[in-house]
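Architecture at a glance
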Amino acid sequence: MPMSDTPPETPTSRSASTENQPAGDNGPAGKVGFISLGCPKALVDSERILTQLRLEGYDIAPSYADADVVVVNTCGFIDSAKQESLDTIGEALRENGRVIVTGCMGADEQGITGIHPNVLSVSGPQAYEEVVSAVHEVIPPQADHDPFTDLVPPQGIKLTPRHYAYLKISEGCNHGCTFCIIPSMRGRLVSRPVEQVLEEARRLADAGVRELLVISQDTSAYGVDIRYRTGFWNGRPVKADLLGLCEALAELGIWVRLHYVYPYPHVDRLIPLMADGRILPYLDIPFQHASPAILRAMKRPAATENNLARIQAWRRQCPELTIRSTFIVGFPGETDADFAELLEFLREAQLDRVGCFQYSPVEGARSNQLDGQVPESLKQERWEQFMSVQQEISASRLALKLDQTIEVLIDEVTADRAVGRSSADAPDIDGLVYIEDGQQLQPGMLVTARITGADDYDLVAELSDSAGPAS
């Protein structure tokens, strides 16, 4: 898919053909087109593959017409994502003809080759070596290539703007949520060694990254599978759990934002770090629902009443805390009473940022077999009601920020204004801060601004009297 704000060396288009001949052992460098679909975790996989290809001397093509082969990193989480992946593979085959498929949907090879039999190779998620080997089959690497002459930055190839990056700390998930097939695609939890994660974070910070977005399938469970084995970084021991990792990341002096955090009790230990300004006061917690009956049907951890009490305790300790979450409406068996309980939870919890999805059957998910499938029209009705309630909550919470002075990380500057994000806003999924007098700023700058306006989701601001970089 087209990706805006990508650095010049990465592909930004989905149009290509096979007019170019594959590079030989001693010919010009082969050119690989790349399309990355799905979530930030898949984006990190794409970055790793692209980095290895660049290290081996391959160029990254900006279009189908310039590519000798096209790699499509697919998403297979829900049926609509699968269809987008299949459509993209078909487009790549029409426009180029040489297509390698990888990613989550690649775990179902027959589901791809049954529709697109002419793809060259199919591999599942995290199959970095298989993808690179498949590229070798189409475009043999140059025999005289010297990897030390390639200008590949120490942090690798990134598909995000230079001032923020995703930091993946583990793969897989140990949960058995009935609506999810991630464990069957990505396997059980495998945590990266803590020293490896921290060294990658240091390289990113050294390269100018101002914000790290910590991601995984279950960030709270980091280290469980390796029994929180202690690693060594910067000459000192670091425990491989989420607290130890965050304490070390805080030393880098940049924004650290936590995503995909389950509300386990040990998450309480992170709040003091946020209250002290060492990591961002932001938690992305996918509650998914509030009705105990639906949570049991989903096989989700944690109880609603405990969640409300802990949210209140967190906010007492760290009033600046932003909580984002996602929910599913129309799950099989969801009654009017269950939905009413969900809306009441929203009103009591007063969450800052919320996404909501209508339940969609996913091939292979156990929830497909549950009784009480909700009609599509009722799903839509409940979604609209949910979003209406949350819209009011969001607007009221943003209105509380009027006249406050906050830090803003600049993402984009136009002729009219600068566009950035506060500590409460993750890229692509949360709100924005529009700085009307920020035309002289540059992306990646961290500035202070006073909030002058607010709507349902975004803020308007002007540079404070001490305008300029905040750090």
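About the criteria used
Residues numbered from 1 in each chain as written. Predicted model: local features only at pLDDT ≥ 70, side-chain atom pairs only at ≥ 80, totals over all residues. Heavy atoms only, no water. Core = buried A, V, L, I, M, F, W, Y, C linked by side-chain atoms within 4.5 Å. Buried < 20%, exposed > 50% of the residue type's maximum accessible area, 1.4 Å probe, protein only. Contact = heavy atoms within 4.5 Å. Helix = DSSP H or I, 4+ residues; strand = E, 2+ residues; numbered from the N terminus. Pairing = 2+ DSSP bridges. Polar contact = N/O pair within 3.5 Å; in protein donor to acceptor, adjacent residues only side chain to side chain. Axes fitted to C-alpha atoms, helices over the stretch in contact; angles between N-to-C directions. Parallel < 35°, antiparallel > 145°, perpendicular 65-115°, else oblique. Left-handed = near helix turned anticlockwise from the far one by under 90°. Nonpolar A, V, L, I, M, F, W, Y, C, P; charged D, E, K, R; others polar.

What follows concerns the nonpolar core. Core analysis: the biggest nonpolar cluster contains 59 residues, and Leu258, Leu283 and Phe386 have the highest contact counts within it. For Leu258, the contacting residues outside a window of four places in its chain are Val214, Cys246, Leu270, Met274, Ile279, Tyr282, Leu283 and Asp284. Membership of the second largest hydrophobic core comes to 31 residues, among which are Ile49, Tyr58, Ile100 and Tyr164.

Both faces of strand β17 (residues 418-421) are covered, namely the face carrying Ala418 and Gly420 and the face carrying Val419 and Arg421. Relative to β17, strand β16 (residues 405-413) runs antiparallel, the two being bridged by four bridges. Pairing of Glu412 across the sheet is with Val419, part of β17. With antiparallel pairing between neighbouring strands as the criterion, β16 and β17 make up a hairpin whose turn holds four residues.

Mapped onto the secondary structure, Asp241 falls in the loop between β11 (236-238) and α7 (242-249). Reaching out from Asp241, the side chain makes a polar contact with the backbone nitrogen of Gly244 at a distance of 2.7 Å. Sequence-distant contacts of Asp241, defined by excluding residues within four places in its chain, comprise Tyr222, Tyr228 and Arg269.

For the rest of this paragraph, the subject is the packing of helix α1 (residues 40-55) against helix α4 (residues 128-138). Closest axis-to-axis distance for the α1/α4 pair is 10 Å, and the angle between their directions is 45°. Our classification of the angle between α1 and α4 gives oblique. In the crossing of α1 with α4, the sense of the turn from one axis to the other is right-handed. Within the contact between the two elements, α1 uses Asp45, Arg48, Ile49, Gln52 and Leu53 and α4 uses Tyr128, Val131, Val132 and Val135. A per-class count over the contact of α1 with α4 returns six nonpolar, one polar and two charged.

Function cannot be inferred from these measures alone, as they are strictly geometric.
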